[in-house]
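# Close look at the chain arrangement
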Protein chains: 2
Amino acid sequence: MKRLLIVAHGSRRDASNEEVRVLATRVAEHLQLAVDNVQVAFFELATPSIESALDACFNNGVDEVSVLPYFLSSGTHVVNDVPREIAAMQEKWPDKIIKVLPHIGAAETMVSLIASTYR
Amino acid sequence: MKRLLIVAHGSRRDASNEEVRVLATRVAEHLQLAVDNVQVAFFELATPSIESALDACFNNGVDEVSVLPYFLSSGTHVVNDVPREIAAMQEKWPDKIIKVLPHIGAAETMVSLIASTYR
């Protein structure tokens, strides 16, 4: 059993965190997957944390989680903090597979997405 | 004369800021515009600031700037800080047009972009 885990920064504004949760639901629909196949975790300021989201997945029989760092550029969270948390979780769950995808800002289609907002 | 101004958060990591600058260049290419038609400003931690980027545009004869908040969700920067800075700049340059686009996370195609990273 596999899952996509969208890891966002997290905000003090509930509406902002809710925006990411809604997005995850829409991604699941887009992929024609059941809603719980695409989950959200927050680096800080909101719940669930990366650790508790991964624990929940693995405790529920998920074998593999693809972690998508939902960050636009490779700042310290993308380069240091998230990988460190993931490494700790991989150590905690040595029999499970955790794949870290490139951060969303590195997606090839980001260029056309930005361009489409302008014209 | 019009410009697209991509406003990113800014990072202490130069490589992260440079990533946004490269993206802007690629967006200009994608839109088949000269490179300086798509510019970058940073909310904090990097230069140019929003203020100096807009001043530079308007001092160089630009009439209209579309500001794209390059943020994934509507946190306080998107909801409060960036609009406040833009309002101040609009007051400073009453004869110029500053349009604020929806933040990039609200783009309709973000769902398919995320989905494409997973499969």
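Anything mentioned here points back to the structure above.
Note that this is a predicted model, so its numbers are computed, not measured.

### Comments concerning the environment of Glu44 of chain A
All names here are of chain A. Tracing the backbone shows Glu44 in the loop between β2 (38-42) and α2 (50-59). According to the relative accessible area criterion, Glu44 is partly exposed, its value standing at 33%. Residues Glu44 and Gly10 lie 34 residues apart in sequence; the distance between their C-alpha atoms is 5.3 Å. Once you skip the residues sitting within four places of it in the chain, Glu44 turns out to touch His9, Gly10, Ser11 and His77.

### Considerations on the nonpolar core
If you look at the biggest cluster of nonpolar residues, it comprises 50 residues, and the most contacted ones within it are Met110 of chain A together with Met110 of chain B. Those elements giving two or more residues to this core turn out to be β1 (2-8), α1 (14-30), β2 and α4 (110-118) of chain A together with β1 (2-8), α1 (14-30), β2 (38-42) and α4 (110-118) of chain B. If we ignore the near neighbours within four places in the chain, the residues touching Met110 of chain B are Leu23, Tyr70, Ile104, Met110 and Leu113 of chain A together with Leu72, Ile104 and Gly105 of chain B.

### With respect to the sheet that holds strand β3 (residues 64-69) of chain A
Residue and element names in this part refer to chain A. Here 4 strands make up an open sheet; going across it, the order is β2-β1-β3-β4 and the pairing parallel. Strand pairing shows two members of the sheet lacking a second neighbour, β2 and β4 (97-100), which therefore form its edges. Taken over all neighbouring pairs, the strand axes of this sheet differ in orientation by 25° on average, direction set aside. Pairing of β1 with β2 involves 5 bridges; the strand directions are parallel. Residue Leu4 lies in a different strand from β2, and its bridge partner there is Val38. Where α2 meets the sheet, its contacts fall on β1, β2, β3 and β4, and the angle it forms with β2 comes to roughly 150°.

### Topic: the packing of α1 of chain A against α4 of chain B
Between α1 of chain A and α4 of chain B, the least distance of the axes is 9 Å, while the angle of their chain directions is 65°. Our classification of the angle between α1 of chain A and α4 of chain B gives roughly perpendicular. α1 of chain A and α4 of chain B meet at a crossing whose hand is right-handed. In this structure, α1 of chain A contributes Leu23, Arg26, Val27 and His30 of chain A to the contact, and α4 of chain B contributes Met110, Val111, Ser112, Ile114 and Ala115 of chain B. By residue class, the composition of the contact of α1 of chain A with α4 of chain B is 6 nonpolar, 2 polar and 1 charged.

### Digging into the packing of aromatic side chains
All names here are of chain A. Applying the stated criterion to the full structure yields 2 aromatic pairs over all chains. Taking the centre distance of 5.3 Å and the plane angle of 50° together, the rings of Phe58 and Trp93 count as tilted. With a gap of 35 residues between them, Phe58 in helix α2 and Trp93 in the loop between α3 (76-92) and β4 connect regions that are remote in the sequence. The same class applies to Phe58 as to Trp93, namely buried.

### Notes on the layout of surface pockets
Considering only enclosed or pocket space, the largest pocket measures out at about 900 Å³ in volume. Lining the largest pocket we find 36 residues, and of these His9 and Phe71 of chain A together with His9, Phe71 and His77 of chain B sit closest to its centre. Counting residues per element, the ones that place at least two in the lining of the largest pocket are α1 and α3 of chain A together with α1 and α3 (76-92) of chain B. Residues belonging to the lining of the largest pocket are distributed by class as follows: 14 nonpolar, 18 polar and 4 charged.

Conventions and cut-offs
- Residues numbered from 1 in each chain as written.
- Chains lettered and ligands numbered in written order.
- Predicted model: local features only at pLDDT ≥ 70, side-chain atom pairs only at ≥ 80, totals over all residues.
- Heavy atoms only, no water.
- Helix = DSSP H or I, 4+ residues; strand = E, 2+ residues; numbered from the N terminus.
- Buried < 20%, exposed > 50% of the residue type's maximum accessible area, 1.4 Å probe, protein only.
- Contact = heavy atoms within 4.5 Å.
- Core = buried A, V, L, I, M, F, W, Y, C linked by side-chain atoms within 4.5 Å.
- Pairing = 2+ DSSP bridges.
- Axes fitted to C-alpha atoms, helices over the stretch in contact; angles between N-to-C directions.
- Parallel < 35°, antiparallel > 145°, perpendicular 65-115°, else oblique.
- Left-handed = near helix turned anticlockwise from the far one by under 90°.
- Nonpolar A, V, L, I, M, F, W, Y, C, P; charged D, E, K, R; others polar.
- Phe/Tyr/Trp six-rings, centres within 6.5 Å; stacked < 30°, edge-to-face > 60°.
- 1 Å grid on protein atoms, 1.4 Å probe; cavity = no way out; pocket = protein on both sides within 12 Å on 5 of 7 lines; lining within 4 Å.
- Points joined across faces, edges and corners; volume = space filled by probe spheres on them.

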